[in-house]
Every structure is written in C-alpha cells, then in structure tokens.
Amino acid sequence: MKKSFAAIVSVAALLAATPGFAAEVKIGVLLGFTGPLESLAPAIASGAELAIAEVSESGEFLDGSTVTPVRGDSTCVDAGAATTAAERLITSDGVAAIVGAMCSGATTAVLQNAALPNGTVMISPSATSPALSTVEDNGQFFRVAPSDARQGEVLADILEEHGITEAALTYTNNDYGKGLADSIASAFEKKGGTITINASHEDGKGDYSAEVAALASAGGEVLIVAGYLDQGGKGIVQAALDSGAFDTFILPDGMVGELLIEAIGPDLDGSYGIYPGSDSSGAEIFAKMAADNGFNPGVYSPEAYDAAALLLLAMQKAGSTDPAVFKGEVVSVANEPGEKILPGELAKALKILKDGGDVDYVGASAVELIGPGESAGNFREIEIQDGKIQTVKYR
Amino acid sequence: MEDALNALVLITNFALVPGLAYGCQLALGALGVTLIFAVLRFSNFAHGETMSFGAMIAVFATWILQDNGVSIDPLPTALLALPFAILGSILFVLATDRVVYRFYREQRSDQVIFIIVSIGVMFVMAGLIRFIIGPNDQVFTDGERFLISARDFRDLTGLREGLAIKTTQVITVVTTVIAMGLLFWFLQKTRTGKSMRAYADNEDLATLSGIDAGRVVLIAWTLSAALAAVAGTLYGLDKSYKPFVFQELVLPIFAAAIVGGFGSPLGAVAGGFIIAFAEVLITYAYKRFLGYILPESWVPDGLAQFLSTDYKFAVAFVILVATLLLRPSGLFNKRAAT
Amino acid sequence: MNLRAVLPFAIFFLLILATGAMQSWSLALSILNMCLISAVMALGINLQWGYAGLVNFGVMGFTALGGLAVVLTASQPVPEAWQAGGPGVLLALLVVVAAVVAALALGRTFTGIMRVALVTLTAIAAYVLATTVLSPAVEAIEAVNPSATGFLGGAGLPVLLSWVVGGIFAAGAAFVIGKIALGLRADYLAIATLGVSEIVVAILVNEDWLARGVKNVVGLPRPMPYEVEMRQEAWFASLAEALPIGSVELSTVLVRAGYTGLFVVVLAIILWLAQRALWSPWGRMMRAVRDNETAAGAMGKDVKRLHLIVFVLGSAVIGIAGAMMTTLDGQFTPGTYQPLRFTFLIWVMVIIGGSGNNWGATVGAFFVWFTWVQAEPVGTFLIDKATLWLGADSPVRDHLISNAPQMRYVVMGVVLLLVLRFAPRGLIPETQRV
Amino acid sequence: MSILRADAMTGGYGGADILHECTLEADRGEIAVIVGPNGAGKSTAMKAVFGMLNLRQGKVTLEGRDVTRMKPTDRVSEGMSFVPQVRNVFPSLTVEENLEMGGFLRRDDIAATMAEVYDLFPVLAEKRRQPAGELSGGQRQQVAVGRALMTKPAVLMLDEPTAGVSPIVMDELFDRIIDVAKTGIAILMVEQNAKQALEIAHRGYVLAQGRNAYTDTGEALLKNAEVRRLFLGG
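Model, not experiment: these values are computed from the prediction.

Calculation criteria
- Along each chain, the written sequence defines residue order, and numbers are assigned to residues from 1.
- The lettering of chains begins at A and the numbering of ligands begins at 1, in the order of writing.
- This being a predicted model, a pLDDT of at least 70 is required before a residue's local features are given, and a value of 80 or more before pairs of side-chain atoms are given or counted; all residues contribute to the totals for chains, interfaces and linings.
- As a convention, hydrogens and water are excluded, and side-chain values are obtained from all of the structure's heavy atoms.
- Contacts were defined at the residue level, with two residues in contact if any of their heavy atoms lie within 4.5 Å.
- Between any two strands, pairing holds if DSSP finds at least two bridges.
- Note on conventions: DSSP H or I runs of at least 4 residues are helices, E runs of at least 2 residues are strands, and numbering of each starts at the N terminus.
- Angles here are taken between N-to-C directions and fall from 0 to 180 degrees, while the axes themselves are lines fitted to C-alpha atoms, restricted in helices to the stretch in contact.
- Residues are said to line a cavity or pocket when one of their atoms sits within 4 Å of a point; the points come from a 1 Å grid over protein atoms alone, cavities being sets where a 1.4 Å probe fits but cannot get out and pockets being open sets with protein on both sides within 12 Å along at least five of seven lines.
- Grid points are joined across faces, edges and corners, and a volume is the space filled by probe spheres set on the points.
- Ten residues, namely Ala, Val, Leu, Ile, Met, Phe, Trp, Tyr, Cys and Pro, are considered nonpolar, four, namely Asp, Glu, Lys and Arg, are considered charged, and the remaining ones, Gly among them, are considered polar.
- Pairs were defined over the aromatic rings of Phe, Tyr and Trp, the Trp ring being its six-membered one, requiring ring centres within 6.5 Å. Orientation was assigned from the angle between planes: stacked under 30 degrees, edge-to-face over 60, tilted for the rest.
- Whether a charge sits over a ring comes down to the Lys NZ or Arg CZ being within 6 Å of the ring centre and within 35 degrees of the ring normal.
- Here a helix's expected span is defined as the number of its residues, less one, multiplied by 1.5 Å.
- Only protein chains enter the accessibility calculation, which uses a 1.4 Å probe; a residue is then buried when its area is under 20% of its type maximum, exposed when over 50%, and partly exposed in between.
- Any Lys or Arg side-chain nitrogen found within 4 Å of a carboxyl oxygen on Asp or Glu counts as a salt bridge.
- Definition used in this section: a nonpolar core is a set of buried Ala, Val, Leu, Ile, Met, Phe, Trp, Tyr and Cys residues joined via side-chain atoms within 4.5 Å.
- Each domain's extent is set by a domain assignment, obtained either automatically or from a database.
- Note: buried area is the sum, over both parts, of the accessible area (probe 1.4 Å) each one loses when the two are combined.
- Each polar contact in these results corresponds to two N or O atoms within 3.5 Å; when the atoms are within protein, one needs to be able to donate a hydrogen and the other to accept it, and residues that are neighboring in sequence are counted only if both atoms are side-chain atoms.
- Should an angle fall under 35 degrees it is taken as roughly parallel, and over 145 as roughly antiparallel, whereas 65 to 115 is taken as roughly perpendicular and any remaining angle as oblique.
- When the near helix sits turned anticlockwise from the far one by under a right angle, the crossing is termed left-handed; a clockwise turn instead gives a right-handed crossing.

A.B. asks: Just checking my understanding: could you explain the arrangement of the chains for this structure?
C.D. replies: Of all four pairs of chains that touch, the greatest number of contacts is found between chains B and C. The least C-alpha distance between chain A and chain D, which are not in contact, is 36 Å. Nothing in chain C touches chain D; the tightest C-alpha to C-alpha distance between them is still 18 Å.

Spelled out as structure tokens, the structure:
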C-alpha cells in the first residue's frame, strides 16, 4: 500500500512542481442551499467563490493553475444527503478541499463520513458548535468561525461594563444558538448578572409575537438575541421593537450586519454587540468587494471568503494540492509571522508564498487560528449609532 | 385602577393584537382548504404553496409598481398588487386543476390518491417558487408602519405599558373581514354560492338537481386560490415573505380547518382564531400581567407560563390531534365525520 | 418475479454501476446505502398502506424515534447526570404512567360529564406534579458539562442492538397512536399522524436531557472500523498492495461496502418476512379488509385489531430504518427531521414503486433516493447548459444557477405526478393472485 | 300512450344483466307502484328509467319522446324528477334553499312553484328557515319530494319514500303523494311496504328477478291470491 500511495503522492507532487504546468484545481463549496437556512447559503457561497475567482485570476496559484468552485448541497436537515453531496464533491468532482459545511450537524456528518475517510481538508465558515472543538478530525478540519464559548465571555464583559444586571436572552433553536446562549448565560451569571429568561426561537417561521411576549413578560434591561440577522433573529428584534418590549438589543456575531440595520432602521440605534474581527479594515474592504460583485455580504459570507482563501494559500505554501501535505500549512498561513493579508490581496499573498516568504492571513474576518484549528475569537465591539455600525474597541 | 389598565394594555399588546392578526391569516388559509375539502373532498397539502405563490406574485407586482412610482401612501403598495396576486394564483391553480386534478376526478379516485397528488403538486410548486424568486426573505412593505406605536401610546396615556398597532395588522384584519364578508355573502345569498353549498352537502343530489359539478369545482378552486393569495400576501406583508415559512404553515392551517370542522366555512374561521389564540395564550408568560393585578407577595417567581414557547407550534398539533380524537367532525360541523 | 419486476432492478443497478464508473465507487456505495435504508422505510409504509390501506404520515416521527434508540442504546452513560437528575426523571416518568393508568380507570368507571371532569383533573394534577419533579432534575442534568454531555447518555450497548430497540420504540409509539387514532377515516388519520410526528420531533428537539436536543449527539459508535484506523492495519496494507486502487479509496469503499452488507441483510430479512406475510392467509385477509372493510367486518374479522397489528408492524420497520440511518450518519440531529424529506419523500417512493408490492416499494425507494441525490448535479448541469445563450454574466442565468438545487423538488413532484397519472399502480404493480 | 313508458328494459351495471325485458308505465295523475321481494331489481328498474344504468335493450319514452340515451340531468330538464331513497336532501341548507336548488335548472321565476309546494306541504312553510338536516324523518321526505317538484316535472319518481319512517308518518306521506298525483303528475315509486302502497296504486308492478311477474291495478293485485301468497306474506 505504501508503495502505491507514495507513488500517487510523488506523481501529484511532480505534476504540481513541474514548471509551467497549469492544472485545474477544484474547491468544493458545500452549503445548505435547500432547507431551513437556504436563504443564508447563496451569500456564503458567493463569498467563497469570490476568493476562488481572485486566486484563479491572479495567475500566481501553483504555476498558473486555475481554480474553480463546485457547489454541493448539504441541506442542513439531512445528514444523509449532506454526506452524499460531499462524497460526490470529493470522489467524483475531485475537489482538492471543501469550504463547508454550513450547519454544525451537517458539518460533523460530512467530516465523519466523507472528509475523514477520504482524507479531504474542510474549513467551515459557519459551524460554531463547541462540540466541533473536540471532535476527532485528524488535523483535517478547521473553522473560521469562533467557538461559542469565548464569545459568551466577551459578551458578558461588555454587559457588565454597560452596567446591565438583568437581561432577557433568546436564541435560534439549533446547536449554534443553543451553545452560544448557554455560554452567554453562564458567563453572565458568573459575573452576578441575571438572565430573566433563556428561550429559543425557530428560524424560518413567520411569526414571533408569542416568543416576544414571553421575553417581554420576563423583563430585563436589554434583550440578547443569539440568532441570525436575516432569520428568526431579525424577526425577534422587529417584533420586540414593534411591540415596545425592548429598545436595546445585544447582538452576537450572527446578528451584526448592514442587512439588519437596513431592515430595522433607526430604531436599532443604541444597540450594541460584537463580531469576530481585529484592528483591521478587512471587513470593510470585503463589504465593498462584495458590493462590486453584486451580492450582499450576509452572515458568514466574509468567513467563507477567508475559508477559501486559507485553503488556497495553504496549498500554495505547500506547493501541492494533496491534503495530506497542505493540511499542515493552514495554521501557518493564517497566523504570524508574515505579512498581513487583507481581502483583495490574495495575488500578493500568493506571490510572497511562491517566493518562499511567509504570510499572516487576516482576511475579512480577522482570522487567527488556535488550538484545534478554530478561530481564536478576536472580537470587535460595536455600537449602532445613526444607522451605522461604529466600532467601539477590540477585544 | 391604573394597574388593571396596564395589565389590560399589556395583554392586548402582546397577546390579543398579534393573536388577532395571526388568527385572521390562519382563518383565510383554513377557509381555502375547507372549501376544497367541502367540494372536492380531499385535504389539499399544496395549499401552503398556493399561498406562497400568491404572495410571490404580490411581491413582484409591488416591486414593479414601486419602480413606476405608484403608491398609495400611507397604505402599503402591496394592496394595489393584491388583485394581480389573486388573478395569478387563480390562473395557476385552475391550470393545475386542468392538468392534474381533473383526471383523478373523472376517475373518481380515492381520497388518499388526491392527497398524494396534492403532495406532488406541493413538491412542484415549492421547487418552482424557490426557483423563480429564490429562498430568501423578501421585504415588500412600505407606507406607514404604525397606526400607533408603543412609545406614542405611552406618551399619550401616561400608562407604563405601551400598545402598538401596526398598519399591517389593521390591514390584515380589515381585509380579512371584507374577504370573509364577501365569501359568506356569496355562499349564503347567491344562486351559485348556494349551489356550491348544495354540492358540498350532497354531490349526487346536486347533480340530479342540474347543478354542474365542473362549474362548482371551478368556482371552489377559484375561491380557494383567491383566499390563498390574500392570506399569503397579508402574511408576507405583516411578517415578511419567505418561501420556507409557508411549508410550515400548512399544519396549523389544517389544524384550524379541522378544529372548526372540515368543510365548514364558519368553522374554519373559528378554528383559525382558536388555534392562533391558543398558541399565543398557552405560551404566554403571565408573570408581568400577574404583577399588575395581584398583590406583590402573590406574584410567582417563575414566568407563569403553561408551556415554553419552544412548544408553540406543538400547541396547534396537540389541539389538532385532540380534536380528531375527541370530536373528529369538528366543533362547528353537524355532519358526521365518516 | 417476472420481467416487469426484474427490469427496474436491473436498470437501477446499471445506474449505480454507471455512477461508480463515471463518478466514484465510494459515492455509488454511499448512495446505495441510503437507497437500502429508504427501501426499509418504504417497506414499512407499504405494509401499512399497500397491505391495509392505512395512511401513515408520521414516518418522520418513527424515524426520529429510531434515531433516539441509537443514542439511548449505544452512547456511553453519563453517571454524573444520572446522579444529578436520574431519580427525578424516573419519578416524573412514574407519575405520568400512574396518571395514564388512573385516567384509563376513571374513564372506564364514570361516564358523561363526570368522566370528562375527572380525567381532565387527573391530567392537570399529573402535569403539575410531573413538572415540579421534572424541572429541577432536568436543570441538574443539563448543567453537567453542557457542551459535551448534558444528558443522561445511553446504555453503552453495541450499536447494532439499537436497530432492534429502534423498532421497539417505534412499535410502542405506534401502539399508543394506533389505539387512539386508527378509527379515523383516511385523511384524518394522515393529518393526525403528521401532527403526532411533529410533536415527537418537537420533544426531541427541546428536551435536552433526553438526547441533547439541538446540540446533537455526535460521534456515535460505529459498527464499522474508522477508515483512518483501518489504513494502519496490517491486513489492510497487504490488501491494498494486492489491489490496483489507492489506499484511501480502498478504505472508504470497504467501509461503505460493510454498511451495504449490513443493510442488505436487514432489507433481505424484512423483505422476506413481508413477502411471507403477504401470501399468508393473514396477508390475504388484510387485503380483503383493505378492499372492502365493511364486508370483512361483516364476515366477523376484527378490523380494528388487524389494523392495529399492521400499523405497529409497519411503524416498527420504519423505526428500524431510522436507527440504521442514525447509525450510518454517526450522529443524532433532531433538528433535521422535516416532513418533506422524512415523510413525503418516503410516500413518493412507495407510490412510484408500486404500493401493495414489496418489490415495487423497494425499487421505488432505490430510484427515488437516487434521483433525489443526483437531481442536484444533473439539474445544475442542465440549467448551466440551457442558459448558456444568456451569456456568462447574465444575472438571470446567475439567479437560475444559484437556485438549481431547488430543482430536486420539481423533479420529484413531476415524477410523482407522471407515475400517478400514467402508471398509477407503480413501476411494479401489485400482483392480483388470490 | 302513457306519458312515461319504459319498454322491455334489459341491462345491468356491467357484468350480468339485472333487468330482463322489464316494462313500466305511468300516466298523468296516476300512481304506479313497483313492488317485489328483495333483490328483485326494483331500485335498479327505477334507476334504469332515470338513466343511471346503461340499457342494453329496450327504450324509455317521455311524452312520446325517446329519452333512452339521455343523461339523468337532461331527463330532469325533459320533465322527469327523481327522489333517491337516502341522502335525498341538502342537510345544511335550509328548507327554502333546498327547494331553490330543486329549481336550479329553471331560469324563470320559481316563487309560484315554491308556493305550490308549501301549499302541498304546509309544515315546510313553517320550517322554511331551518336547515333540512335538523328536521324529522318524515319532514325530510317531504322536503325531498318538494325539491323534486320544483322543476314542475311531468313524472315524479320515488325510491322507497317511506323507508325508515313510523306507520303514522307513512300514512301521512302516502296522503301527500296522492295529493301530488292529483295535481296531474305521473308518479312512479318503489315500495317496500307493498300492501299499503298497492292500496293507493293505480298500477302495480310485481317484479321478480328483474322481470315483470304480475302487472295489474293495485286493487287487483291485492286481491290476487298468488301475489298475496308469494309476495305479500299471506
């Protein structure tokens, strides 16, 4: 076995290293295009495909190889279909790596049943479940979204600083929302705060008045909404404002975005929150790039860009599309040392790597990978004023 | 006294007003399925998608109108789009009947076959709708948002609790009342309406009396589609339009229709309100309400909630199942269920 | 089996072979695996609908119960959680059981308004008592390391055993549902079972102490070795040496083939039993009842009891399939159970295949799952080609391509309608042998 | 020539024939009654006359016109009217609406006919606003007959109008039927209560196994010893 395997690897390495040889590299974009979060998926896919196009057009990637995205539907609700789609991407379309999956449930299924067995590298832009930190991944799974545990602590700090002692909490009823809500609640209560109610809401429903009624009855100075800004989270905020239940909202990562401000309007002024980010202008640059390419940078769209970029930069650094080789480079291109890389600078990064230099990919979501290959959790504290997201500070 | 007023305003604001609007939307939906059931005798699982289809046309028509500067501010433009939505849905549904259902009617197929056929139609429509407009949220509301906002109400009355009434809620209720009024007038007073009820009552005798089955079926589909378009548009206007939502709405609508008595229009309306208010009131947390009306020491520590909001949708199913088991003919139906 | 029955199977296996040759063998096998599971589900529905004319739209709920069985059977117990809240949960369970018994007894003894009042009172008392006992226990359980456990865990038994348990869970639920709902006429039964399945899933989603709710249980034990570990084994190395394929591909193909083997065994057993039942006097009676309930009832057949038996059996088969699926996924994700995928799609399989015929239901499941999975790439490909004339940058083309995955709904619906119209008895129709 | 004439009808619901050369007749103001044992094809004969059964042979004429190939609804507009044995009213419609539906095919003013029906069945006038489903069995039969009269038919066909009503109500119903016949309508009815029915019958048909066994006036049939022994239970 070792012989044939070694042969394949060496042939692949040889092909990749042969000067002037330009191949087509495929990257799988495996997201929940149908199902309850189907409305989030297109923007995320566009984010990943933006990075892929950028790399492909640069001409610098692995001696001029082109990169094309191949989409797959992980459905979010159907582990079987997700696995099959991943299987198809890997074994039939022959993708070199996968951006995805989207929901934590589908992600674990794909990882266990398709990616691990086939030795494929996956970077999820959006799976945040703490369970993924401990899952067996053979060094093949990374995520650009931070684990929820860290975010809870940061939010609790901010609440404390604002002098909040009582808060109501609602979360989207999936592993992301539930995990985040639990971590916020425990961190906040450790600091002596009170969570008056910790209630879920379902995404993809139209009506949230009953949920808001319960939240309002429980009371609290602010309402923490651990949801998605274009799903139930938006509905909750809207219904809470409409009925006068709450005026101030605490917005975790899934809720911060221009879309929410656009949808809700000036009533959102005074609300505050956090989202992954560091002292860089990556997010703004990405937003502009997205607008130029005709899509709205929704939730996890920047992360998807970063996920795709990281995969490609790691391949470039390793000089190979063999997962066994480049999986070790993902962390090194994401972290220091090296030149900081923002969105739109992928060509530059590829060139540096080609010349043997180092890069520290910052990207649209201020990527910093720690521990088991997940985002370190640098957060940007923001406040909404005059219909704009104003950065207060970095944490 | 002021406490009592506050309590009243509180529960009106958080339970009664939203419940009323939601109830109207369910009632309109339930009327649509109940009409089809009465005349064609099957549960139309595709009805949710018909609502979605109507709302989708309303969204497109609204956009076109908005682009051309047509507006009836402070009312939402979508009201002007409503006729297009109704017309579009009717045409689509009649085409479906012609292409799909008619065949099975002529075969006098079993009820279950009709249900399965409607599931097939549901699949096709679900896919088509998402294919055309995409799976995203579409906001098409414009005009004045509030009749009165919570803040204004507080300033106006000096009460601690606010009462917000959204324009869309008022429109929902008014439109529903008009639609239901027209429907009941049609069914009770016109010759065609009576012939429809007669056909629903006793198909064979209606045929014997010279009532044309084809015509009745045609009218039933037309009414059902029109109601669905109105319900879907109102739902989208009040909340926001998203295809996935309607798939989830089918069961509460069936619940409403069955609670009221499948085939009974009056029952459908009553069922809609029963389901809506049950969902809201059973999952309502009465803590603050009790805080106003009870002496302080009596106020419970907990939320005073019968059931967590997690189970909101389960409430409709529990009522549905309970009705089927205890009184399968529904609350407002004199005919036997079998 | 005649030609009409053999042909669809032959075509299907050709399709699988084509997938293997054109796409990849491990993909072909993983599609085949889901096809086999779907076939078991379809057989369950066929038992109920094809044999007895019972409309069960609660497939989703029974599938989920099968999945729950895997968690409760195979995952490791969490002793801390048992310590924290085990007694409370058990006590609450006891209260509920006692209340049901009491309610039944009261229901027998009293009539009229007294009965309604007493039963309602018992229910309320039980609710209050059970929740007061349950809530602190639940809180304690869920507080135990919530990110990794936070539930009672399972029994730590072999995962294959859970398939049987899944069948038992589903059968138990079906018994209760059937006992109270089977008297309803067809469409009411359909809606009632649909409602009950939603309630089952709502409970699984929200009761974290039971199976972690939306936090999902991941990393369930597998009956097959992990590919990565397998590649370290000596026997595997020598095998890989001997075969002309890469070791990665070999390992995935082997593991999938292992699952295929297991599923084929289960499917074969159930198919065999179902066939035996179909041609037994019992099966003939069943169909007699289906075709003319009044006459059969007049002939002294206890229609209600027959229906209950077949409802429980069919549901048990679905439960087994649910457990198989969760085992294959290696995780239990209650949030993913949705009627469109887990109820209606299975019905489409039975109808297309040919209700009343076990071979038909099986091949229907094969084809429908294959189409469901392959409609996406094929749909994308077709739309891509069909919209080429619009130009590469056309927004319409972009929009259509990005919505291409939705094509699977359209394809499924159209196929269903076409079959219902032009071959209403399915690919392999019921054989009219008496 | 009678106003309604069914000649040598032969046919069935597909498969074996149920009727064999069955002949029936009724004229203005006459009551014709079909009696016979269970399974003799009484209701089938009635349905054949009304066109709810395909005839292989024989023909049906109404006022001399051949209606054999007409659909039931078309026969209604030709002047035939049929009251089924069961499910013969619209239960959730009011009495008045039931009558209105009876006259659905008519384009002219139906008020006068309705008044006539109310004259014939005074109890219906009283209950005109009540849903028919809430009426007693006998009253429901009156609604059913009233509904059938709304087309101003030449021939009224009744399928066991007294099935399941008490003897007192039965007598009253027969009285009403006589009243209806007196307005000049031909009545053809199937009856289970053979004796009472033959008492009011101008013509009586005894069917056995889908064939005319005896045909005579009602009075004569009642006197016929053989008929009494075989079909009227002594």
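Anyway, onward from the coordinates.
A.B. asks: Can you help me understand the sheet that holds strand S1 (residues 24-31) of chain A in this one?
C.D. replies: Hydrogen bonds between backbone groups are what pair the strands of a sheet, and the pairing can be parallel or antiparallel. Residues and elements named next belong to chain A. Strands sit in the order S2-S1-S3-S4-S5-S14-S13 across an open sheet of seven strands; the sheet is mixed. Strand pairing shows two members of the sheet lacking a second neighbour, strand S2 (66-73) and strand S13 (369-370), which therefore form its edges. Two strands pair when backbone bridges link them, and strand S3 (residues 97-100) and strand S4 (residues 121-124) are joined in this way by three bridges, in the parallel orientation. Bridging from a neighbouring strand, Ala-97 pairs with Val-121 of S4. Where helix H2 (residues 41-58) meets the sheet, it contacts S1, S2 and S3, and its direction lies at approximately 165° from that of S2.

A.B. asks: What is the right way to read empty space enclosed by the protein from this model?
C.D. replies: It is a probe the size of a water molecule, rolled over the atoms, that shows where empty space is left. Scanning the entire structure with this criterion turns up 12 cavities of 30 Å³ or more. Empty space within the second largest cavity amounts to approximately 160 Å³. Along the walls of the second largest cavity sit 17 residues, with A:Thr83, A:Asn113, C:Ser30, C:Arg256 and C:Leu328 positioned nearest its centre. Mapped onto the lining of the second largest cavity, the elements with two or more residues apiece are helix H3 (79-92) and helix H4 (104-118) of chain A together with helix H2 (25-52), helix H11 (247-279) and helix H14 (303-329) of chain C. Broken down by element, the residue count for the lining of the second largest cavity peaks at four residues, all from H3(A). Classifying every residue of the lining of the second largest cavity gives five nonpolar, seven polar and five charged.

A.B. asks: Is there a simple way to think about the packing of aromatic side chains in this case?
C.D. replies: Where two aromatic rings form a pair, the distance of their centres and the angle of their planes describe that pair. Under the defined criterion, the tally for this structure stands at 41 aromatic pairs over all chains. Where C:Phe57 meets C:Phe344, the ring centres are 5.4 Å apart and the plane angle is 90°; that geometry is what we call edge-to-face. Of this pair, C:Phe57 sits in the loop between H2 and helix H3 (59-74) while C:Phe344 sits in helix H15 (residues 339-353), placing them 287 residues apart in sequence. The aromatic ring of D:Phe104 is capped on one face by B:Arg191, whose charged end is 4.3 Å from the ring centroid. Above the face of the C:Tyr226 ring, C:Arg222 is positioned so that its terminal group lies 4.4 Å from the ring centre.

A.B. asks: So what exactly am I meant to see when it comes to the environment of A:Pro302 here?
C.D. replies: Residues and elements named next belong to chain A. Mapped onto the elements of the fold, Pro-302 is located in helix H12 (residues 301-318). Spatially, the C-alpha atoms of Pro-302 and Gly-28 are 17 Å apart, while their sequence positions differ by 274 residues. When neighbours within four sequence positions are excluded, Pro-302 is seen to be in contact with Phe-286 and Ala-364.

A.B. asks: Sorry, what's going on with helix H11 (residues 265-282) of chain B here?
C.D. replies: Structurally, the α-helix is built with 3.6 residues per turn, so residues lying three or four positions apart point the same way. Residues and elements named next belong to chain B. End to end, H11 covers 25 Å across 18 residues, agreeing with the expected 26 Å (1.5 Å per residue, within 8%). The complete set of buried residues in H11 reads Pro-265, Gly-267, Ala-268, Val-269, Gly-271, Gly-272, Ile-275, Ala-276, Ala-278, Glu-279 and Val-280. Residues of H11 that are buried make contact with helix H1 (2-40), helix H6 (167-189), helix H10 (243-260) and helix H13 (312-326).

A.B. asks: Explain the pairing of strand S5 (residues 141-146) of chain A to me, please; I cannot follow it from the model alone.
C.D. replies: Two faces, one strand: in a regular strand the side chains alternate between the faces of the sheet. Residue and element names in this part refer to chain A. Among the six residues in S5, six count as buried, and that is most of the element. Strand direction decides the pairing type here: S4 and S5, joined by three bridges, are parallel. The residue bridging Met-122 from the neighbouring strand is Phe-141, located in S5. Note that S5 and strand S14 (residues 374-375) share two bridges and pair parallel. Across the sheet, the residue bridging to Arg-143 is Glu-374, located in S14.

A.B. asks: Before we go on, may I ask you to explain the pattern of salt bridges in this structure?
C.D. replies: Side-chain pairs of opposite charge can arise whenever the charged atoms involved come near each other. Inspection of every chain in the model, using the stated rule, returns 53 salt bridges over all chains. A salt bridge links B:Glu203 to B:Arg108, with the nearest nitrogen and oxygen atoms 3.9 Å apart. With B:Glu203 in helix H8 (residues 203-208) and B:Arg108 in the loop between helix H3 (78-106) and helix H4 (111-133), this residue pair connects regions lying 95 residues apart in the sequence. With a relative accessible area of 65%, B:Arg108 lands in the exposed category. Here D:Glu63 ties to D:Arg65 by a salt bridge, and the two come within 3.2 Å at their closest N and O atoms.

A.B. asks: Which parts of the structure should I look at to understand the nonpolar core?
C.D. replies: Nonpolar side chains in soluble globular proteins tend to be buried together. With 268 residues, the main nonpolar core has B:Phe45, C:Phe57, C:Trp369, D:Met9, D:Leu24 and D:Val49 as its most contacted residues. Per element, the largest residue contribution to this core is 19 residues, and it comes from H2(C). Domain assignment of the residues forming this core places at least three in each of domain 1 (3-77 + 153-422) and domain 2 (78-152) of chain C. Dropping the residues within four chain positions of it, B:Phe45 is found in contact with B:Ile115, B:Ser118, B:Ile119, B:Met122, B:Val250, B:Phe254, C:Phe57, C:Ile191, C:Leu194 and C:Phe344. With 130 residues, the next largest nonpolar core counts A:Phe33, A:Val225, A:Tyr272 and A:Ala304 among its residues.

A.B. asks: How do you make sense of the interface of chain C and chain B when you look at a structure like this?
C.D. replies: Many authors give the size of an interface as the accessible area that is lost as the parts come together. Taken together, the contact pairs 46 residues of chain C with 47 residues of chain B. With both sides pooled, the region where chain C packs onto chain B buries about 4,000 Å², and carbon together with sulfur makes up 75% of that total. When the buried surface of chain C facing chain B is broken down by residue, C:Tyr188, C:Ile191 and C:Arg421 rank first, second and third, together holding 16% of it. At the boundary of chain C and chain B, one finds zero salt bridges. Where chain C touches chain B, the interface holds seven residue pairs in polar contact (both at pLDDT 80 or more). Those elements that provide at least two residues to the side of chain C that touches chain B are helix H6 (161-181), helix H7 (186-206), H15, helix H16 (358-386), helix H17 (395-402) and helix H18 (407-422) of chain C. For the side of chain C that touches chain B, the element with the highest residue contribution is H7(C), accounting for 13 residues. Partitioning the side of chain C that touches chain B into residue classes produces 34 nonpolar, seven polar and five charged.

A.B. asks: Explanation requested: unusual backbone geometry in the structure shown.
C.D. replies: With the exception of glycine, the majority of residues adopt a negative phi angle, and the majority of peptide bonds are in the trans configuration. Following A:Gly100, the chain continues into A:Ala101 via a peptide bond in cis, with omega recorded as -5°. Looking at the element boundaries, A:Ala101 is found in the loop between S3 and H4. Here the bond from A:Glu336 into A:Pro337 is cis, since omega is 0°, no more than 30 degrees from zero. Along the chain, A:Pro337 falls in the loop between helix H14 (330-334) and strand S11 (339-341). A positive phi angle is found at A:Asp386, which is not glycine, with a value near 50°. As for its position among the elements, A:Asp386 is in the loop between strand S15 (379-385) and strand S16 (388-394). On the basis of relative accessibility, which here comes to 68%, the residue A:Asp386 falls in the exposed class. For D:Ala8, which is not glycine, the phi dihedral falls at a positive 45°. If you trace the backbone, D:Ala8 turns up in strand S1 (residues 4-11). For D:Ala8, a relative accessible area of 27% gives the class partly exposed.

A.B. asks: How should I be thinking about the interface of chain C and chain A in this particular structure?
C.D. replies: On the side of chain A, 42 residues touch chain C, which itself brings 50 residues to the contact. For the pair chain C and chain A, the two sides together bury roughly 3,600 Å², of which 52% comes from carbon and sulfur. Counting across the chain C and chain A interface gives four salt bridges. When the shortest N-O distance is used, the salt bridge between C:Lys215 and A:Asp182 registers 4.0 Å. Our enumeration of links across chain C and chain A arrives at 12 residue pairs in polar contact (both at pLDDT 80 or more). Ranked by residue count, the leading element in the side of chain C that touches chain A is H16(C), at six residues. Residues belonging to the side of chain C that touches chain A are distributed by class as follows: 20 nonpolar, 19 polar and 11 charged.

A.B. asks: What should I look at first to understand helix H6 (residues 148-161) of chain A in this one?
C.D. replies: Residue and element names in this part refer to chain A. Taking 1.5 Å of rise per residue, 14 residues should cover 20 Å, and H6 covers 20 Å from first to last C-alpha, within 8% of that figure. Those residues of H6 that are buried lie in contact with S5, helix H7 (175-190), strand S8 (222-226), strand S9 (249-251), strand S10 (272-276) and S15. Gly-163, located one to two residues past H6, shows a positive phi value of around 75°.

A.B. asks: What am I meant to see in the packing of H3(A) against H16(C) here?
C.D. replies: What describes two packed helices is the angle between their axes and the distance between those same axes. Orientation of H3(A) relative to H16(C), taken along the N-to-C sense of each, is 50°, at an axis distance of 11 Å. Compared by their axis directions, H3(A) and H16(C) come out oblique. For the crossing formed where H3(A) meets H16(C), the hand is right-handed. Facing H3(A), whose interface residues are A:Gly80, A:Ala81, A:Thr84 and A:Arg88, H16(C) presents C:Trp369, C:Val373, C:Gln374, C:Glu376 and C:Pro377. Tallied by class, the residues present in the contact of H3(A) with H16(C) amount to four nonpolar, three polar and two charged.

No statement about biological role is implied by the geometric values presented.
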